[in-house]
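Examination of the molecular architecture
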Amino acid sequence: MNAVRRELLPGVALTCITTDKFKTGCLSVNLLTQLCRENAAKNALIPTVLLRGCTRLPDMEKISAELDMLYGARIEPMVRKYGEIQSLGFYADFVDDRYLPEGTKQFDGVAKLVCELLLTPVTRGGLLLPDYVDSERDKLLDLIRSRINEKRSYSMFRLVELMCCGEDYAVARIGSEEEAESINYKKLTRHYRDLLATAPIEIFYCGSADTEHVEAVLKDALHNLLRGEIDYDIGTDIRMNTLEEDTRYFTEEMDVSQGKLAIGWRLGDCMEEPDAAALRVFNAMYGGDVTSKLFENVREKLSLCYFASSMVDYFKGIMLVSSGIEFDKYDEAKREIFRQLDAIRNGEFSEEELQYARRSTASSLRAGSDSPGALESFYLGRNIGGWDWSNEELAALCEEVTREDVIAIAQSAVCDAVYFLRGEQDEEAEEE
Amino acid sequence: MRELEYPVIGEKLYTDTLPNGLRLFVCPKPGYTKSYAFFATDYGGADRRFRLGDEWHDTPAGVAHFLEHKMFDMPDGNALSVLSANGADPNAFTSSGITAYHFMSTEGFYENLETLLTFVSTPYFTEESVQKEQGIIGQEIRMVEDNPYYAVYYGLMQCLFAHNPMRESVAGTVESIAEITPQTLYDCHAVFYNPSNMALCVVGDVDAEKVREIALRILPAEAGERPVIDYGETESGLPLCTRVEKQMDVSMPMFALGCGFPSALRGRASLRQRVNAYLALECMFGSSSPLFNRLYAEGLIDSSFGAEAEFTAGVGTVVISGDSEDPEKVFEEVVREAERIGREGLDAGLFARIRRAAYGMRVRGLGRFGDLAYDLAASAFEGYQTLDAFSVIESATKEEAEKFIADTLRREALALSVVSRRE
């Protein structure tokens, strides 16, 4: 499956995959900008405000009705975080023309609508409608406040916030409550116009239409996009060492019945020239997979927790482990999580374990070719990272990862912070 | 094997019922890298009291789910590791209605399929492993108990049903799973995991005959007895109580409102009921409905708002859920909208659009192997064919959707469950 890249306008790149394989086509339009405390919430708000109405279809009911007529096509707001780059825009998916009773042109209709939503919001006096902005801002605030509802992701969020304090990476994908509260329609309009003029834009299409057609339709739909000087100066600052010499420990209390332990590492020197394949295989072996050391030992052998898994941020060069445990298992679980990483550092893993990790990593990368959504997210990440492999090529590289490659990553990682969310202790128990 | 063609949607399906009673479906997907196998039993969290021969058996809440966890244990190791080692991505789940074991793989598919069929048909439980699992599942139950979505849903179920096991969590409680012994697991496996109570669905670029040959070779040749399930006394269709509230650490109150009613349709009638329910709820609560847009603009609901109908364990449920500062007002708006539709009927243009959108969404769903396999198995257990849904959607009428609303969303049938902020 070949991805073709074209520049449509200054700083507007199209990645196009033409294939007859899928019944669903997809189109995404993403504006890229530096993740930062001042703008993260504004950026997160833009797609939902734009989805409230454009000049031709000024309210949601009219937009939804048009989407129904496009055989249930969907246009979703997207806000993503890739290291310290924030991406915002729309993801649309729709039935491929070949499977519809009449000869309709789904892609053309969806592309036109997506670009209208992006470029021609309903305005008054040139400004976004205060009503739409306020109502979506309140919903964004609710969403930010609802972080607390999911304790597992909340514990990860708190860990990152504490571990990376002072770095842009600590800023949440959808920003903070304080910043969101201060947004009004004037500020947001100015920011929106700014972004349209300066943000690099990544467009992705996957479906049965050929590149020339996709390019022509999009160029036409984007004809009134006015570009200024493109801000290419965005990126992620990779910190190699820990913030303080020793690992920092944090404990917080909340009314929960299960404790959540979250641990973060800097991947260290191996991020000088990161080996994307080795990082993935290492993560699969340590805690990314059901054959991983964390799953096999911390969960299965010792029954210390219900879940224990690791994830690596390839952009930022950090690894996070998350685990759900009984409160009194804190020391034991923590010790075991460290012990399993030490095992990899010391080369204590079988050829079989390594082979499992290689195969499962390669297999899930290859399976990405079977879903338009997976391809979209793979290619957007790849384009932002400035990498040049396809998912199939990266899969092949994963199969070549050696024992030494994996050991080197484990040895390079340094633990920066440990966060524990536990139940509220009653005062008597504490006094004893 | 029978070959079914669906040229309009570009699908083909091979199906067969093997001599041992296993329902087999293979949906070929030429050109795909991954293949997906889904092996399911018509046994879920709600199937707790059953008759085998002349005898009734009662089992503690949570056995189906517990069994799912323990099935991966084999005398010579763990099947999860074997599959993962062979490049597969395996998993399993238990719902109220079914238990399923599945894997996706990009290589070694047939070998992985053999492993899947072997471990699911090989019970192996020890005192020690059962005890250990009680610890692991105990943690899972605790984790779920901290989840407000879970609390608001089961709060509603307990309002709606007096006897039906849908009112209890699929995983059971820490106390109920403490009653489980290796013998409980052996017994339930013998009853529910016989091939005549199961379905195997494969989606991918595979050879249907070869799948059939493997199933014939590995699974038991004998068709066992299909158990008769008792879901308790027939429900009245009226809630036991109409309001329930729980306080938790949530940022905004959550609600689930809805109704429950006896429903034992099977076959194509069951499919038609599901389609009607889907269209009715989309017309009434979907993103292009007048109610959704009005409440959204007023700030009473957000995009988490949605409605769903479920038909399991001899009952149907409609659940309308979301976040709101004023769930009581949402409840009132829902009742009034149902009453308005009762008087004025659904807008014909809206219904036609929703039907068109439903068709398109279903076509898109055919690319999601997991969903397709699940639908194939679940529909086999309910006695219909899921790919017939396209023709049912095309022939669905506005009057049927209106009737569904009139029959179910009556004020006296509705209850409201709320998880509010802790004070």
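Calculation notes
- Residues numbered from 1 in each chain as written.
- Chains lettered and ligands numbered in written order.
- Predicted model: local features only at pLDDT ≥ 70, side-chain atom pairs only at ≥ 80, totals over all residues.
- Heavy atoms only, no water.
- Helix = DSSP H or I, 4+ residues; strand = E, 2+ residues; numbered from the N terminus.
- Rg over C-alpha atoms; globule rule 2.2 N^0.38 Å.
- Buried < 20%, exposed > 50% of the residue type's maximum accessible area, 1.4 Å probe, protein only.
- Lys, Arg positive; Asp, Glu negative; His and termini not counted.
- Charge placed at Lys NZ, Arg CZ, Asp CG, Glu CD.
- Pairing = 2+ DSSP bridges.
- Axes fitted to C-alpha atoms, helices over the stretch in contact; angles between N-to-C directions.
- Expected span 1.5 Å × (residues − 1).
- Salt bridge = Lys/Arg side-chain N within 4 Å of Asp/Glu carboxyl O.
- Core = buried A, V, L, I, M, F, W, Y, C linked by side-chain atoms within 4.5 Å.
- Contact = heavy atoms within 4.5 Å.
- Buried area = accessible area lost by both parts, 1.4 Å probe.
- Polar contact = N/O pair within 3.5 Å; in protein donor to acceptor, adjacent residues only side chain to side chain.
- Nonpolar A, V, L, I, M, F, W, Y, C, P; charged D, E, K, R; others polar.
- Left-handed = near helix turned anticlockwise from the far one by under 90°.
- Parallel < 35°, antiparallel > 145°, perpendicular 65-115°, else oblique.

1. A few points about the overall build of chain A
Looking only at helices and strands, chain A has 16 helices and 13 strands in total. Against the globule reference of 22 Å for 432 residues, chain A gives a C-alpha radius of gyration of 23 Å, in line with a compact fold. If you line up chain A on its principal axes, its C-alpha atoms span 65 × 50 × 40 Å. Evaluated residue by residue, chain A yields a buried proportion of 60% over its 432 residues. Charge-centre separation for chain A: the mean point of 50 positive side chains lies 3 Å from the mean point of 79 negative side chains.

2. So, the sheet that holds strand 6 (residues 55–58) of chain B
Residues and elements named next belong to chain B. The 3 strands lie next to each other as 6-5-12, forming an open sheet whose pairing is antiparallel. Each of the sheet's edge strands pairs with one partner strand only, and the pair in question is strand 6 and strand 12 (228–230). Each strand of the sheet is rotated relative to its neighbour by a mean of 30 degrees, with strand direction disregarded. Across 3 bridges, strand 5 (residues 49–52) lies against strand 12 in antiparallel orientation. Each bridged residue has a counterpart across the sheet, and for F50 the counterpart in strand 12 is I229.

3. Focus on helix 13 (residues 372–385) of chain A
Residues and elements named next belong to chain A. Between its first and last C-alpha atoms helix 13 spans 20 Å; for 14 residues at 1.5 Å apiece the expected length is 20 Å, and the two agree. Of all 14 residues that make up helix 13, 10 are buried, and the element is covered over most of its length. Among all positions of helix 13, only P372, L375, E376, F378, Y379, L380, G381, R382, N383 and I384 are buried. Looking one or two places after helix 13, you find G386, whose phi comes out positive at around 70 degrees.

4. Let's talk about the pattern of salt bridges
Should the charged atoms of two oppositely charged side chains come close, the side chains can pair. One pass over the full model with this rule turns up 65 salt bridges over all chains. In this structure, D331 of chain A and K334 of chain A form a salt bridge, with 3.8 Å as the shortest nitrogen-oxygen distance. Taken as a pair, D331 of chain A and K334 of chain A lie in helix 11 (residues 330–345) at a separation of 3 residues, close to a single helical turn. By relative accessible area, K334 of chain A is classed as buried at 13%. Among the salt bridges present, the one from E107 of chain B reaches R359 of chain A, with a minimum N-O distance of 3.5 Å. Taken together, the residues span two chains, with E107 of chain B in the loop between strand 10 (99–105) and helix 3 (109–120) and R359 of chain A in helix 12 (residues 351–367). For E107 of chain B, a relative accessible area of 29% gives the class partly exposed.

5. As for the nonpolar core
W265 and Y286 of chain A together with L409 of chain B are the most contacted members of the largest nonpolar core, which totals 137 residues. Those residues within four positions of L409 of chain B in sequence are excluded, and the remaining contacts are C259, M284, F285, V318, I320, A338, F404 and L414 of chain B. In terms of nonpolar packing, the next biggest core, distinct from the first, is built from 58 residues, A92, L128, I174 and I203 of chain A among them.

6. With respect to the interface of chain A and chain B
Listed per partner, the contact involves 58 residues of chain A and 57 residues of chain B. Here chain A packs against chain B, burying approximately 5,100 Å² in sum over the two surfaces, 51% of which is carbon and sulfur. When the buried area of chain A at its contact with chain B is split by residue, K23, Y306 and R359 of chain A rank highest and sum to 13% of it. Taken together, the connections running from chain A to chain B amount to 6 salt bridges. Our enumeration of links across chain A and chain B arrives at 28 residue pairs in polar contact (both at pLDDT 80 or more). Mapped by element, the contributors of at least two residues to the side of chain A that touches chain B are helix 2 (60–69), strand 5 (85–95), helix 4 (130–145), helix 10 (293–301), strand 11 (305–313), strand 12 (318–325) and helix 12 of chain A. Broken down by element, the residue count for the side of chain A that touches chain B peaks at 6 residues, all from helix 2 of chain A. Of the residues assigned to the side of chain A that touches chain B, the class counts are 20 nonpolar, 13 polar and 25 charged.

7. Observations concerning the packing of helix 10 of chain A against helix 11 of chain A
Residue and element names in this part refer to chain A. Relative to each other, helix 10 and helix 11 sit at 145 degrees, their axes nearing to 10 Å. Considering the relative orientation of helix 10 and helix 11, their crossing is right-handed. The segment helix 10 lies against helix 11, with K293, L294, N297 and V298 engaging E336, I337, Q340, A343 and I344. Grouping the amino acids of the contact of helix 10 with helix 11 by side-chain chemistry returns 5 nonpolar, 2 polar and 2 charged.

8. Brief notes about the pairing of strand 6 of chain B
Residue and element names in this part refer to chain B. Note that strand 5 and strand 6 share 4 bridges and pair antiparallel. Bridge pairing links R51 to W56 in strand 6. Between the end of strand 5 and the start of strand 6, which pair antiparallel, lie 2 residues, with G53 showing a positive phi angle near 65 degrees.

9. A look at the side chain of R227 of chain A
Relative to the helices and strands, R227 of chain A is located in the loop between helix 8 (211–221) and strand 9 (248–253). When sequence neighbours within four positions are dropped, the list of residues in contact with R227 of chain A reads P10, G11, V12, L195, L196, A197, T198, A199, P200 and I201 of chain A.

10. What about the sheet that holds strand 11 (residues 198–204) of chain B?
All names here are of chain B. Pairing in this open sheet of 7 strands is mixed, and the strands run 1-2-3-11-4-10-9 from one edge to the other. Two strands close off the open sheet at either side, each with one partner strand: strand 1 (2–6) and strand 9 (88–94). Across the sheet, the mean angle from the axis of one strand to that of its neighbour is 15 degrees, orientation sign disregarded.

11. Some thoughts on the packing of helix 9 (residues 276–288) of chain A against helix 14 (residues 391–398) of chain A
Residues and elements named next belong to chain A. In contact at an axis separation of 8 Å, helix 9 and helix 14 are set at 65 degrees when each is read in the N-to-C sense. Here helix 14 runs roughly perpendicular to helix 9, going by the angle between their axes. In the crossing of helix 9 with helix 14, the sense of the turn from one axis to the other is right-handed. Across the interface between the two elements, A276, A277, R280 and V281 of helix 9 pack against L394, L397 and C398 of helix 14. A breakdown of the residues in the contact of helix 9 with helix 14 according to their chemical character gives 6 nonpolar, no polar and 1 charged.

12. Digging into helix 4 of chain A
Each full turn of the α-helix corresponds to 3.6 residues, which orients residues three or four apart in the same direction. The terminal C-alpha atoms of helix 4 of chain A lie 22 Å apart, and with 16 residues this matches the ideal 22 Å at 1.5 Å per residue to within 8%. Within helix 4 of chain A the residues assigned to the buried category are Y132, V133, S135, E136, R137, K139, L140, L141, D142 and I144 of chain A. Tucked inside the fold, the buried residues of helix 4 of chain A contact helix 1 (40–50), strand 7 (127–128), helix 6 (177–181) and helix 7 (185–198) of chain A together with helix 10 (290–297) of chain B.

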